[in-house]
Amino acid sequence: MSSALPALACSPLYYGAETESFAGVQRRFDSVESVVVATLTQARKVTKTLHSQFGEDVDVPAEEDTFVIEQVFKGPAIVGDTLVLTTALSGCGISAIAQLTGPFIPPRPGAKRAEKQPEAPRRWLIYRNQNDDTQLTGSYMARPLFIASSDLYHMPRVLAAASRR
């Protein structure tokens with residue numbers, strides 16, 4: 001019997017020289033309609049309804065991440081625009097906070113208060129198609145800038161190549 005949950009296809013994980021090469025960055029850039037640097041301003045827990053192929057709706061835990069666009073490399077976005085991404089935390093989806101900065105830190109025995117919860121990475125590089133239900137997944141399509149440094153390194157050359165086409 002098949003599961004009522006829809007199949008979630010994940011993009012490849014961010015590993016290997018290919019994803020960091022000029023060709024890899026150019027392929028990502030060419031495959032989407034929009035490439036932006038955005039600042040995470042809010043992350044909150046929500047419920048997302050997924051529609052199965054059998055017509056059933058299933059509610060799953062999700063995270064709604066609000067970003068403000070600070071730089072546009074490609075697409076119709078404008079600096080200062082708000083981008084809201086809702087990511088189902090089942091399947092391939094990751095939390096902007098927990099998965100990239102570590103889990104909740106409980107108080108140490110004898111500590112008077114809990115240790116400070118880690119901060120979420122604030123600045124992200126996001127590749128997406130305008131009409132897609134873009135989510136934060138364990139892939140190279142939406143990553144914190146400190147992980148996407150190779151993309152930023154190659155971006156001037158990618159932009160130059162795109163303008164010549």
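Residues numbered from 1 in each chain as written. Predicted model: local features only at pLDDT ≥ 70, side-chain atom pairs only at ≥ 80, totals over all residues. Heavy atoms only, no water.

Colleague: Please clarify how the overall build of the protein should be interpreted in this entry.
Modeller: When helices and strands are tallied, the protein shows four helices and five strands. Walking the protein from its N terminus toward its C terminus, one meets helices and strands in the order α-α-β-β-β-α-β-β-α. With 165 residues in all, the protein has 38% of them scored as buried. Long-range pairs, those at least 24 residues apart, make up 64% of the contacts in the protein with a sequence separation of at least 6. When the accessible surface of the protein is totalled, it reaches about 9,600 Å², and 55% of it is carbon and sulfur. (Helix = DSSP H or I, 4+ residues; strand = E, 2+ residues; numbered from the N terminus. Buried < 20%, exposed > 50% of the residue type's maximum accessible area, 1.4 Å probe, protein only. Contact = heavy atoms within 4.5 Å. Areas by Shrake-Rupley, 256 points an atom, 1.4 Å probe, with all protein chains shown as cover.)

Colleague: I keep staring at the sheet that holds strand 4 (residues 123-128) and nothing clicks. Help me out?
Modeller: Reading across the sheet, the five strands line up as 3-2-1-4-5 and stay open at both edges, with antiparallel pairing between neighbours. Each having just a single partner strand, strand 3 (82-88) and strand 5 (142-144) make up the two edges of the open sheet. Looking at each pair of strands side by side, their axes are set apart by 30 degrees on average, direction ignored. Relative to strand 3, strand 2 (residues 57-74) runs antiparallel, the two being bridged by seven bridges. Among the inter-strand pairings, Glu64 is bridged to a residue of strand 3, identified as Thr86. (Pairing = 2+ DSSP bridges. Axes fitted to C-alpha atoms, helices over the stretch in contact; angles between N-to-C directions.)

Colleague: So what exactly am I meant to see when it comes to the pattern of salt bridges here?
Modeller: Any two side chains of opposite charge can pair, given that their charged atoms come close. Scanning all chains against the criterion turns up five salt bridges. The salt bridge involving Arg44 is made with Glu64; its shortest N-O contact spans 2.9 Å. In this pair, Arg44 sits in strand 1 (residues 34-51) while Glu64 sits in strand 2, placing the two residues 20 residues apart along the sequence. The network of salt bridges with common partners includes Arg28, Arg143 and Asp151. (Salt bridge = Lys/Arg side-chain N within 4 Å of Asp/Glu carboxyl O.)

Colleague: Whenever I open this one, the nonpolar core confuses me. Can you help?
Modeller: Generally speaking, soluble globular proteins have nonpolar side chains that are buried together. Judged by nonpolar contacts, the single largest core of 15 residues is most densely connected at Phe29, Val35, Phe73, Leu125, Tyr127, Met155 and Val158. Broken down by secondary-structure element, the contributors of at least two residues to this core are helix 2 (22-30), strand 1, strand 4 and helix 4 (149-164). A per-element tally of this core places helix 2 first, with three residues. Not counting the four nearest positions on each side in its chain, Val158 is found in contact with Phe22, Val25, Gln26 and Phe29. (Core = buried A, V, L, I, M, F, W, Y, C linked by side-chain atoms within 4.5 Å.)

Colleague: Got a minute to help me understand the packing of aromatic side chains in this structure?
Modeller: Two aromatic rings are characterised by how far apart their centres lie and by the angle between their planes. Summed over all chains, the structure comprises one aromatic pair. Considering the side-chain rings of Phe67 and Trp124, the 6.0 Å spacing of their centres and the 75 degrees angle between planes classify their relative orientation as edge-to-face. Residue Phe67 is located in strand 2, and its partner Trp124 is located in strand 4; the two are separated by 57 residues in the primary sequence. Over the ring of Phe29 we find Lys74, and its NZ or CZ is 4.7 Å from the ring centre. (Phe/Tyr/Trp six-rings, centres within 6.5 Å; stacked < 30°, edge-to-face > 60°. Lys NZ or Arg CZ within 6 Å of the ring centre and 35° of its normal.)

Colleague: Is there a simple way to think about the pairing of strand 4 in this case?
Modeller: On a regular strand, each side chain points to the face opposite its neighbour's, so the side chains alternate between the two faces of the sheet. The buried fraction of strand 4 is high, at five of six residues. In the sheet, strand 1 pairs with strand 4 via six bridges, with the strands oriented antiparallel. In the sheet register, Ser34 faces strand 4, and the bridge partner there is Arg128. The pairing of strand 4 with strand 5 spans three bridges and is classified as antiparallel. From the neighbouring strand, Leu125 faces strand 5, where its bridge partner is Arg143.

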